[in-house]
Amino acid sequence: MQNKYEHILIDEFQDNNYAQFSIIKKLVTKGNVTAVGDDDQSIYRFQGAYPEIFRDFMTSFKGAKMILLKTNYRNIKSVVELSSWLLKQDLTRRPKPLVSNKKSKDKVSVVGCDGNFAQAHFVKSKILELKKKNPKLKFSDFAVLSRTQRGGLLVADLLTSEGIPVNYVGKSNIFASPSARNLISYLNVISKPQNSGKYINQILENHGISDNDIAVINHEAKRRAWWATNNDCVLEVITDLKLQKVRKDTFTGYKMVQPKLANPQQIKSISLLLKDLIKVAKDSSTVKTINEVLRVRTDIFKKTTYDDSFENYIERSVLIDLQENANDLQTLKPNCTINDFLNYIQALEGFEIETEQGSEFSDSVQVSTIHQSKGKEFAHVFVINVGDRQIPLAYTKKMFYVPKGLAKALYPAQDPKEFHENQERRLLYVAMTRAIDNLYISWSARVEASGNARKASDFLVKLYEQEPKRAWAPNVDYRSDYTATDLGPTTGNPIDIVRKEIAELALKNIRENPLHAHPPLLCAHLEITREF
């Protein structure tokens, strides 16, 4: 490898970790190496990236020359200046002068909103306003960025109800997905057939078997399980359908009654399906078994393709994620079992896993985390939820300890709490500098749960208080009282307000656009609002 590559170029150098840099140092033998990056955009600490890697580069390659690129060709003057003042709050940072080559005099809009829905309403209204002013704008020219994965969900819902296509990148909650729960029920039966009564009941219910039939099956299974060892007998009962007489009290005493099932043939077909899947699992890999359950032997995946509703996008996305997770596990452990996979996804739910919903739309508003937006640019960017305790997030001490001798470059060069705050600041900087033409920063000035006031992020407060004349006034248009005026008084239940607004917008769109390309998308939101 050292002889094969005479010159090496590393892009996005700030995203590299210690191990990756160690490989580079092994490859470079003649000093022909160039690294391009920006330590102000070092935001992947959780992947081992560290801002000090630039210092390590200069130490590792003696005689290396550092060239500072001072002209910003993407952002307008107000964005460059305000974001630069933001970074100056980090006193450990090496100063870097930046200037914009653009002549735009537009300022950054900073908006305090009366609640989460008012903030979503602001985003929606501004997008429609800008599109009306400039019909050439595409929806893909807009991005809505938030610190956390769930932060943009309300905005995505509201935009969708207006008929605006959305590519929402958010948390894939496996166990909240009906389709995923259905798949997992089958997999649990396959994994432990003799002790899967709970999951068989769910499968029966999903197939429309009556509560009475399920109760009869469970009564017979409970009777048999009394004499069985490590067997709940539910699968056994739906296989042979042999039901013992049960005692029924009468006015004069009791009598023995033969229970009857309303749908014995359908129950029998379900038992045959389960038996068949158990056999498939014995002869096939975990990945193939999951595909058989999901796409071949059942209609779990097929049901998510019946229409283009946002809800179905979510369901399909989660199922595809599960299949990808199975592939990952099987790559790591080729002989993994279905039980291994179930344990694997149970563990994965403890982590922040992102998935794209609505990516089928090539022209759509991106609603995502700031991390997901890195390396991208958009004409108009909304950075939402820039409120107190929303960014920076509260620092939490890690619950595990890694000896410094083993954790190469993983220990920050400064106090961990201070490092956390500086990285959160860099994260906001990355979000702000995604904007080509206009930047909108907003937060909910009211905590929905308690109704208490919420101030802006400390990062914004410091800009206003410490540099009101140099940083704030020349670069910011500030409004602290945005309300969704067409909703009337905002003192009602915010959940009811959200439900009412989304439903009204969806109905309005259906009435005015009966031939809209995606009417099911709008109809689905009438159902989604019922779940708030």
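The structure presented is a predicted model; accordingly, all values stated were derived computationally and were not measured.

(A) Summary view of the packing of aromatic side chains. This structure, assessed with the given rule, holds 13 aromatic pairs. The ring centre of Trp85 lies 4.0 Å from the NZ or CZ of Lys88, which sits over that ring. Lying over the aromatic face of Phe301, Arg295 brings its terminal NZ or CZ to 3.9 Å of the ring centre.

(B) A look at the pattern of salt bridges. Scanning the entire structure with this criterion turns up 29 salt bridges. Measuring nitrogen to oxygen at the nearest pair gives 2.6 Å for the salt bridge that ties Glu220 to Arg223. With Glu220 and Arg223 both in helix 8 (residues 211–225) and three residues apart, the pair spans about one turn of that helix. Arg479 is paired through a salt bridge with Asp481; the nearest N and O atoms lie 3.2 Å apart.

(C) Structural detail: the nonpolar core. Ranked by internal contacts, the top residues of the largest apolar core, which has 44 residues, are Leu183, Leu187, Leu274 and Leu322. Tallying contributions element by element places helix 6 (residues 178–191) first for this core, with seven residues. In this structure, Val79, Leu86, Leu145 and Ile370 belong to the second largest nonpolar core, which totals 36 residues.

(D) Region of interest: unusual backbone geometry. The step from Ile391 to Pro392 runs through a cis peptide bond, and the omega angle for that step is 5°. With respect to the helices, strands and loops of the structure, Pro392 is situated in the loop between strand 12 (378–383) and helix 16 (416–432). Phi at Asn230 takes a positive value of approximately 55°, unusual for a residue other than glycine. Looking at the secondary structure, you find Asn230 in the loop between helix 8 and helix 9 (234–240).

(E) Spotlight on helix 10 (residues 264–283). If you check helix 10, its first and last C-alpha atoms are 29 Å apart, about what 20 residues at 1.5 Å a residue would give, namely 28 Å. Along helix 10, the positions that sit buried rather than exposed are Ile267, Ile270, Ser271, Leu273, Leu274, Leu277, Ile278 and Val280. In this structure, the buried side of helix 10 is in contact with helix 6, helix 7 (197–206), helix 8, helix 9 and helix 11 (286–296).

(F) Local environment of the pairing of strand 13 (residues 435–444). Burial runs high along strand 13: eight of the 10 residues are buried. Pairing of strand 5 (residues 108–113) with strand 13 involves five bridges; the strand directions are parallel. Considered in strand 13, the bridge of Cys113 is made with Ser444. Examined bridge by bridge, strand 12 and strand 13 share five bridges and lie parallel to one another. When the bridges of strand 13 are listed, Phe378 appears paired with Ala435.

Cut-off values and rules
Residues numbered from 1 in each chain as written. Predicted model: local features only at pLDDT ≥ 70, side-chain atom pairs only at ≥ 80, totals over all residues. Heavy atoms only, no water. Phe/Tyr/Trp six-rings, centres within 6.5 Å; stacked < 30°, edge-to-face > 60°. Lys NZ or Arg CZ within 6 Å of the ring centre and 35° of its normal. Salt bridge = Lys/Arg side-chain N within 4 Å of Asp/Glu carboxyl O. Helix = DSSP H or I, 4+ residues; strand = E, 2+ residues; numbered from the N terminus. Core = buried A, V, L, I, M, F, W, Y, C linked by side-chain atoms within 4.5 Å. Buried < 20%, exposed > 50% of the residue type's maximum accessible area, 1.4 Å probe, protein only. Expected span 1.5 Å × (residues − 1). Contact = heavy atoms within 4.5 Å. Pairing = 2+ DSSP bridges.

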